[in-house]
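# Structural overview
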Amino acid sequence: MKKGIFITLEGIDGCGKTTQAKLLKKFFEEKGFKVVLTREPGGSSIGPEVRNILLNKNMNPVSEFLLFASDRKEHIKGLIKPALERGEVVISDRFCDSSVAYQGYGRGVSLDFINYVHNFILEGLLPDITLLFDVSPEVGLKRIHVSDRIEGEGAEFLKKVRNGYLEIAKREKRFAIINGEKSKDKVYKDMVSEILGRGLIYGG
Ligand code: TYD
């Protein structure tokens, strides 16, 4: 049974979540928690190889989703669940919502199919909070040096992905939307106040 705290960070490329993930790890460590900082794709035992294929080879969007999903299953089984069972804080830079936003809303893979597969993969495990760092595609693109296939898709694609995230956030209470266009310090403060505001930890 899950005892720890599961936090996921989401947003389009260049939204700043990776920087904030590191700061969040420090925040929890200073409070005495054991923290696992991980990411998708790549955090599972098959992750580095799957990541390499996903970011470099062109493929059908359904195959792409299934590869992300395989990495996710291994990630949950091999790393996320065991850490949560030990009572640790797990911070994942991307998780299931990335597939819904990128492969579903971005590339048009059936949302029903994605949800169906996720039902098997997640077995009821959902983040306690999902921090969505919301930025416009223009801001996101300015911040990244385009380095892989998915990041190279351009503003039109990222617009669909962003809108997808905002749609999911409307349905899912676990989502907290943070304006990622603000300064790094302000984004950090907003992130911490969301964590504290949800009663995930006590003693501020
Ligand atoms: P990465 O270099 O980790 O970028 P970022 O720092 O933005 O997370 O590359 C991950 C890429 O994979 C990113 O463009 C989003 C994409 N992705 C999906 O399309 N679907 C998914 O399910 C996941 C986890 C990531």
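So, here's what we can say about the structure. Numbering of residues begins from 1 in every chain and follows the order in which that chain's sequence is written. Side-chain atom pairs in this predicted model are given and counted only at pLDDT of 80 or more, local residue features only at pLDDT of at least 70, and totals for whole chains, interfaces and linings cover all residues. Side-chain numbers here rest on the full set of heavy atoms in the structure, without hydrogens or water.

## Topic: the pattern of salt bridges
When a carboxyl oxygen of Asp or Glu is within 4 Å of a side-chain nitrogen of Lys or Arg, the pair counts as a salt bridge. Here the structure, examined in full by the defined rule, presents 15 salt bridges. A salt bridge links Lys17 to Asp93, with the shortest nitrogen-to-oxygen separation between them at 2.6 Å. Taken together, the positions of Lys17 in helix α1 (residues 17-30) and Asp93 in strand β3 (residues 89-93) put the pair 76 residues apart, joining distant regions of the chain. Asp93 matches Lys17 in its accessibility class, with the two residues each being buried. The shortest N-O distance in the salt bridge between Glu123 and Lys73 comes to 3.1 Å. In this pair, Glu123 sits in the loop between α5 (111-122) and β4 (129-134) while Lys73 sits in helix α3 (residues 61-85), placing the two residues 50 residues apart along the sequence. Here the salt bridges do not stand alone but share partners, grouping Glu64, Arg107 and Glu153 into one network. Secondary structure elements are taken from DSSP: a helix is a run of H or I of four residues or more, a strand is a run of E of two residues or more, and numbering for both begins at the N terminus. For every residue, the accessible area obtained with a 1.4 Å probe (protein chains only) is divided by the maximum for its type, and the residue is called buried under 20%, exposed over 50%, and partly exposed between those limits.

## Describing the sheet that holds strand β2 (residues 35-39)
Two strands form a pair only when DSSP identifies at least two bridges running between them. Taken together, the 5 strands give an open sheet; going across it, the order is β2-β3-β1-β4-β5, and neighbouring strands pair in parallel fashion. Taken across any chain shown, the strands that pair with only one partner, and hence form the sheet edges, are β2 and β5 (175-179). Ignoring which end each strand starts from, the neighbouring axes of this sheet average 20° apart. As judged from the 5 bridges shared by β4 and β5, these two strands associate in the parallel manner. Counted as the bridge partner of Asp134 is Asn179 from β5. Residue contacts follow a heavy-atom distance rule, with two residues in contact if any of their heavy atoms lie within 4.5 Å. As a rule, the C-alpha atoms of each element are fitted with a line to give its axis, helices using only the stretch in contact, and angles between N-to-C directions run from 0 to 180 degrees. The strands that α3 touches are β1 (5-10), β2 and β3; relative to β2, the one it contacts most, it runs at about 160°.

## Thoughts on the packing of aromatic side chains
Stacked, edge-to-face and tilted are the three classes for Phe, Tyr and Trp ring pairs, Trp counted by its six-membered ring, which pair at centre distances within 6.5 Å; planes under 30 degrees apart are stacked, over 60 edge-to-face, the rest tilted. If you walk through the whole model with that rule in mind, you get 7 aromatic pairs. Taking the centre distance of 5.3 Å and the plane angle of 85° together, the rings of Phe27 and Phe28 count as edge-to-face. Here Phe27 matches Phe28 in class, with each residue buried. Grouping aromatic residues by their ring pairs yields a cluster made of Phe27, Phe28 and Phe33. Here Arg72 stacks its cationic end above the ring of Phe95, 6.0 Å away from the centre of that ring. Whether a charge lies above a ring is judged from NZ of Lys or CZ of Arg, which has to be within 6 Å of the ring centre and within 35 degrees of the ring normal.

## Brief notes about helix α4 (residues 96-106)
Owing to its 3.6 residues per turn, the α-helix aligns residues three or four sequence positions apart on the same side. In terms of burial, α4 is largely enclosed, as 10 of its 11 residues are buried. Considered for burial, the residues of α4 that qualify are Cys96, Asp97, Ser98, Ser99, Val100, Ala101, Tyr102, Gln103, Gly104 and Gly106. Each element contacted by the buried residues of α4 is listed here: β1, α3, α5, β4, α7 (155-171) and β5.

## Details of unusual backbone geometry
Note that the residue after Glu40, namely Pro41, is joined by a cis bond; omega there is -5°. Examined against the element boundaries, Pro41 turns out to sit in the loop between β2 and α2 (47-56). The phi angle at Arg94 is positive, at roughly 85°, despite the residue not being glycine. Inspection of the secondary structure assignment puts Arg94 in the loop between β3 and α4. Backbone geometry at Glu123 places phi at a positive 45°, although glycine is not the residue there.

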